[in-house]
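Notes for the structure review
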Amino acid sequence: MTESHDHNEHEMAISLRTRALESLLIEKGLISADVIDGLIDRYENDIGPMNGAKVVAKAWLDAGYKSRLLNDGTAAIAELGFGGRQGAQMVVLENTDDIHNVVVCTLCSCYPWPVLGLPPSWYKSYAYRSRVVKEPRAVLREFGLELPASIQVKVWDSNSDVRYMVLPKPPHGVDTLSENEAARLVTRDAMIGVETLDALDARTGHR
Amino acid sequence: MSRESFGGGMALDDELPRKNGELLFESPWEARAFGLAVALSEGGRFAWRDFSAELAESTRRDQEAAYYRRWLDALERLLLAQGLVNKEDLQARIDELAHEHHDHDTDDSEIGTLSEIRDIHCAKDAHEFAHSIRTTAR
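In what follows, the accompanying structure is described. From a predicted model like this one, the values you see are computed outputs, not experimental measurements. (Residues numbered from 1 in each chain as written. Chains lettered and ligands numbered in written order. Predicted model: local features only at pLDDT ≥ 70, side-chain atom pairs only at ≥ 80, totals over all residues. Heavy atoms only, no water.)

Secondary structure assignment for chain B yields five helices and zero strands. Counting helices and strands in the order they occur from the N terminus, chain B gives α-α-α-α-α. Sequence separation of at least 24 residues holds for 51% of the intrachain contacts in chain B that already meet a minimum separation of 6. (Helix = DSSP H or I, 4+ residues; strand = E, 2+ residues; numbered from the N terminus. Contact = heavy atoms within 4.5 Å.)

Take the overall build of chain A next. Across its full length, chain A holds eleven helices and four strands. Taking the principal axes of the C-alpha coordinates as reference, chain A spans close to 55 × 40 × 30 Å. Within chain A, buried positions represent 54% of all 207 residues. Look at the contacts in chain A between residues 6 or more apart in sequence, and 68% of them connect residues 24 or more apart. Approximately 8600 Å² of chain A is accessible, and the part contributed by carbon and sulfur atoms is 49%. Positive and negative side-chain charges in chain A, numbering 22 and 29 respectively, have mean positions lying 3 Å apart. (Buried < 20%, exposed > 50% of the residue type's maximum accessible area, 1.4 Å probe, protein only. Areas by Shrake-Rupley, 256 points an atom, 1.4 Å probe, with all protein chains shown as cover. Lys, Arg positive; Asp, Glu negative; His and termini not counted. Charge placed at Lys NZ, Arg CZ, Asp CG, Glu CD.)

The geometry of two aromatic rings is summed up by the distance between their centres and the angle between their planes. All chains considered together, the criterion is met by 22 aromatic pairs over all chains. Residues phenylalanine 46 of chain B and phenylalanine 51 of chain B carry aromatic rings whose centres are separated by 6.2 Å and whose planes lie at 20 degrees to one another, so their mutual orientation is stacked. A relative accessible area of 5% means that phenylalanine 46 of chain B is categorised as buried. With relative accessibility at 0%, the residue phenylalanine 51 of chain B sits in the buried group. Through successive ring pairs, a cluster of aromatic residues spans Tyr43 and Trp113 of chain A together with Phe25, Phe34, Phe46, Trp48, Phe51, Tyr67, Tyr68 and Trp71 of chain B. Seen from the ring of tyrosine 65 of chain A, lysine 58 of chain A lies directly overhead, with NZ or CZ sitting 5.4 Å from the centre. In this structure, arginine 163 of chain A is placed above the aromatic ring of tryptophan 113 of chain A, and the distance from its NZ or CZ to the ring centre is 5.9 Å. (Phe/Tyr/Trp six-rings, centres within 6.5 Å; stacked < 30°, edge-to-face > 60°. Lys NZ or Arg CZ within 6 Å of the ring centre and 35° of its normal.)

Counting residues in hydrophobic clusters, the biggest one holds 98 residues, and the most contacted among them are Trp113 and Tyr128 of chain A together with Phe34, Phe51, Trp71, Leu75 and Leu79 of chain B. The element best represented in this core is helix α1 (residues 28–42) of chain B, accounting for nine residues. (Core = buried A, V, L, I, M, F, W, Y, C linked by side-chain atoms within 4.5 Å.)

Let's shift gears to the pattern of salt bridges. A complete count under the given rule lists 22 salt bridges over all chains for this structure. For the salt bridge of glutamate 179 of chain A with lysine 58 of chain A, the shortest nitrogen-to-oxygen distance reads 3.8 Å. In this pair, glutamate 179 of chain A sits in helix α10 (residues 179–183) while lysine 58 of chain A sits in helix α3 (residues 49–61), placing the two residues 121 residues apart along the sequence. Assessed through its relative accessible area of 35%, glutamate 179 of chain A is described here as partly exposed. The partner of arginine 49 of chain B in a salt bridge is aspartate 161 of chain A, and the shortest N-O contact between them spans 2.9 Å. Of the two residues, arginine 49 of chain B sits in helix α2 (residues 48–61) while aspartate 161 of chain A sits in the loop between β3 (152–157) and β4 (162–167), which places them in two different chains. Taking the relative accessible area as the measure of exposure, arginine 49 of chain B reaches 52% and is therefore exposed. The exposure class of aspartate 161 of chain A is partly exposed, given its relative accessible area of 32%. (Salt bridge = Lys/Arg side-chain N within 4 Å of Asp/Glu carboxyl O.)

Another point: the pairing of β4 of chain A. Residues and elements named next belong to chain A. Here β4 lies mainly inside the structure; six of its six residues are buried. Here β4 shows a buried face lined by Val162, Tyr164 and Val166 and a second buried face lined by Arg163, Met165 and Leu167. Pairing between strand β1 (residues 89–94) and β4: six bridges, direction parallel. By the bridge assignment for β4, leucine 93 is matched with valine 166. (Pairing = 2+ DSSP bridges.)

What follows covers the packing of α1 of chain B against helix α3 (residues 67–81) of chain B. Residue and element names in this part refer to chain B. One can describe the packing of α1 onto α3 by two numbers: an axis separation of 10 Å at closest approach and a directional angle of 40 degrees. Of the possible angle classes, the one that applies to α1 and α3 is oblique. The way α1 lies across α3 gives a crossing that is left-handed. From α1, Trp29, Glu30, Ala33, Phe34, Leu36, Ala37, Val38 and Leu40 reach across to α3, where they touch Tyr68, Arg69, Trp71, Leu72, Leu75 and Leu79. (Axes fitted to C-alpha atoms, helices over the stretch in contact; angles between N-to-C directions. Parallel < 35°, antiparallel > 145°, perpendicular 65-115°, else oblique. Left-handed = near helix turned anticlockwise from the far one by under 90°.)

Here the focus is α1 of chain B. Residues separated by three or four positions in an α-helix point in the same direction, a consequence of the helix having 3.6 residues per turn. All names here are of chain B. For α1, spanning 15 residues, the distance from its first C-alpha to its last is 21 Å, which sits close to the expected 21 Å at 1.5 Å a residue. Of all 15 residues in α1, 13 are buried, a share of seventy percent or more. Directly after α1, the chain includes glycine 44, whose backbone phi takes a positive value near 80 degrees. (Expected span 1.5 Å × (residues − 1).)

Next up on the list: the environment of lysine 28 of chain A. Checked against the element boundaries, lysine 28 of chain A lands in the loop between α1 (3–27) and α2 (33–45). Sequence-distant contacts of lysine 28 of chain A, that is, excluding residues within four places in its chain, are made with Leu84 and Val85 of chain B. Reaching out from lysine 28 of chain A, the side chain makes a polar contact with the backbone oxygen of leucine 84 of chain B at a distance of 3.2 Å. (Polar contact = N/O pair within 3.5 Å; in protein donor to acceptor, adjacent residues only side chain to side chain.)

Listed below in structure tokens is the structure:
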């Protein structure tokens, strides 16, 4: 039996299990297929890192918002209309000249959905979950990010109660941009903490 | 570990998250399993915290299992524990669906509702299916 045959059979089995669960729950009136369709559509189309990018851009350009964001992430993010119904508290971590923050969830791949959407597959991988806590600098180097020894690296392990998002250091000259223009420079990876943006030239978007 | 970048700056509302260079869901069942758990929780059928705890338990059991496999295991355990679904009903429904699929497969009429069935080149006996499912569901 080939590996791909095994894989297909496994996929088929798990897909039948999922269908069986869904059909039983629909039959019991606990859920409707439309609600599930709507949810999937929402996460595929409306919720994603563009939400977090707006939060970051506003914090870069509006000092009052930034201080509210760092004090109470959940409330400040809700100001822009983003919020989860999963009830987790949002904590925003500011990268500075001295501190670089990185986010992981070693236990269950928790992720700040309302601002970043669903996690990329490397975030959910065993390699990332198990290694970034033990050897963050080595992992960041594999992402192409070499940090000077003078910068302290802090790794934050999310859980069901607290979700973290990184506020990256702004690119040079960002204060000449509008919030929309600034938001275009923000990447998902920078908000997880595996990329930096401060070497960018805000006006050209180039390093 | 590979990194998917947005390729030099991300456009705002006109750019969908699935265009990040990465699919959100690798197969349709992953999307259904995702939507099921979130919809049940949002509908007040269980607390998200309880689901998270089961997801962590799945991870403890098998650190390296793929995310949505851990996810579905967690959902199934939670639904069984809360009595929203019972084990016999679930197994019976799995068997039914496997037979249904088998019928589709052998009379070659139309492909079942599962799009991923198209990828299976080797027609399987329904009983063998049901057996393998029972093994994985355990």
